[in-house]
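Topology and contacts: notes
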Amino acid sequence: MEFRCFVSHHNLVGICQRNHAEYYPHLPKECNKIKRLIVEFFTVYIQHYFANGKIADYVFDVYVDKNDCVWLIDFNLWSTRTDALMFTWEELLEMASCSTTSVDQEGNKHDKEDDEIVMRVVMNENDIRFDPLASYRAPIDTVALAKDPKGEGLQSFEDFMAMCAKPSDLVSDDEDDA
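Read on for a plain summary of the structure. Here the structure is a predicted model, which is why all the values come from computation and not from measurement.

Some words on the overall build of the protein chain
Helix and strand counts for the protein chain come out as five helices and seven strands. Helices and strands appear in the protein chain in the N-to-C order β-β-α-β-β-α-β-β-β-α-α-α. Split into buried and exposed, the 178 residues of the protein chain put 32% on the buried side. For the protein chain, long-range pairs separated by at least 24 residues make up 62% of all intrachain contacts whose partners lie at least 6 apart in sequence. Just so you have it, the protein chain exposes about 11800 Å², and 51% of that area is on carbon and sulfur atoms.

Below you can see the structure in the form of structure tokens.
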């Protein structure tokens with residue numbers, strides 16, 4: 001199963017199933033176990049390590065296999081450009097405002113408690129959120145190219161594909177020296 005995870009101020013604030021158009025009967029029963037696995041994976045491998053801790057707000061996707069192993073799929077922007085799936089961005093921003101690290105009387109920092117992290121899964125067939133446009137979607141970069149009539153971004157789809165084929169060409173000589 002794939003899950004989308006939302007991080008604000010280096011704290012995991014929300015988790016939801018990626019395929020919100022399907023009901024999986026086992027998922028509501030295994031929700032707490034899966035949440036613990038994802039939180040542990042996040043704490044050990046991602047929190048404060050992603051981008052050397054320089055980026056505090058981001059979204060990442062994971063896959064949890066049948067052996068309870070968590071696999072990182074990718075990272076996304078903390079932005080409305082990233083699909084919030086079973087949340088709204090208003091909800092995520094509200095949760096983010098409550099996600100700051102607390103400091104106890106001795107000055108020790110404590111991250112958000114596991115029970116404060118919101119996890120959403122489709123609990124029954126009536127909770128399925130159908131997206132009528134899902135089968136017609138294109139990658140966001142392709143949509144952006146189509147919506148760029150003035151040519152302010154990339155000049156063409158061919159330019160975009162050439163850029164994707166040679167990402168190392170985008171690195172300047174200055175960055176190579178660093």
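So that's the structure; there's more coming.
Overview of the sheet that holds strand 1 (residues 2-8)
A sheet is described by the order of its strands in space; here five strands give the open sequence 4-3-1-2-7, paired in mixed fashion. Each edge of the sheet is formed by a strand with only one pairing partner; in this case those strands are strand 4 (70-77) and strand 7 (118-120). On average, adjacent strands in this sheet sit at an angle of 20° to one another, irrespective of strand direction. Taken together, the six bridges between strand 1 and strand 3 (residues 58-64) define a ladder with antiparallel strand orientation. Along strand 3, the bridge assignment pairs F3 with V62. On the sheet, helix 1 (residues 27-46) packs against strand 1, strand 2 (11-17), strand 3, strand 4 and strand 7 and is oriented at approximately 120° with respect to strand 3. Packed onto the sheet, helix 2 (residues 89-97) meets strand 1, strand 2, strand 3 and strand 7 and runs at close to 50° relative to strand 1.

Side note on helix 1
The end-to-end C-alpha distance of helix 1, which contains 20 residues, comes to just 24 Å, noticeably less than the 28 Å that a straight helix rising 1.5 Å per residue would cover. Its maximal kink placed at K33, helix 1 deviates by approximately 35°. By the burial criterion, the buried members of helix 1 are L27, C31, I34, K35, L37, I38, V39, F41, F42 and I46. Its buried side turned inward, helix 1 meets strand 1, strand 2, strand 3, strand 4 and strand 7. Phi turns positive, to about 65°, at H48, one or two residues after helix 1.

Topic: the nonpolar core
Ranked by size, the top nonpolar core spans 23 residues in total, and within it F3, L12, I15, I38, F60 and V62 carry the most contacts. Of all the secondary structure elements, the ones that give two or more residues to this core are strand 1, strand 2, helix 1 and strand 3. Judged by nonpolar contacts, the second largest core, of 15 residues, contains F6, V13, W78 and A84.

Section: the pattern of salt bridges
Under the criterion given, the structure shown has five salt bridges. Put simply, D61 and R4 hold a salt bridge, and the shortest N to O gap is 2.7 Å. Separated by 57 residues along the polypeptide, D61 in strand 3 and R4 in strand 1 bring together distant segments of the chain. Like R4, D61 is buried. A single salt-bridge network, built from bridges that share partners, covers E2, R4, R18 and D61.

Here's the deal with the pairing of strand 1
Burial analysis of strand 1 places six of its seven residues in the buried class, the great majority of the element. Bridge count for strand 1 against strand 2 is six bridges, and the pairing is antiparallel. Bridge assignment links V7 to a residue of strand 2, and that residue is L12. Between strand 1 and strand 2, which follow one another and run antiparallel, lie two residues, and H9 among them has a positive phi close to 55°.

Criteria and thresholds
- Residues numbered from 1 in each chain as written.
- Predicted model: local features only at pLDDT ≥ 70, side-chain atom pairs only at ≥ 80, totals over all residues.
- Heavy atoms only, no water.
- Helix = DSSP H or I, 4+ residues; strand = E, 2+ residues; numbered from the N terminus.
- Buried < 20%, exposed > 50% of the residue type's maximum accessible area, 1.4 Å probe, protein only.
- Contact = heavy atoms within 4.5 Å.
- Areas by Shrake-Rupley, 256 points an atom, 1.4 Å probe, with all protein chains shown as cover.
- Pairing = 2+ DSSP bridges.
- Axes fitted to C-alpha atoms, helices over the stretch in contact; angles between N-to-C directions.
- Expected span 1.5 Å × (residues − 1).
- Bend = angle between axes of the 7 residues up to and from the residue.
- Core = buried A, V, L, I, M, F, W, Y, C linked by side-chain atoms within 4.5 Å.
- Salt bridge = Lys/Arg side-chain N within 4 Å of Asp/Glu carboxyl O.

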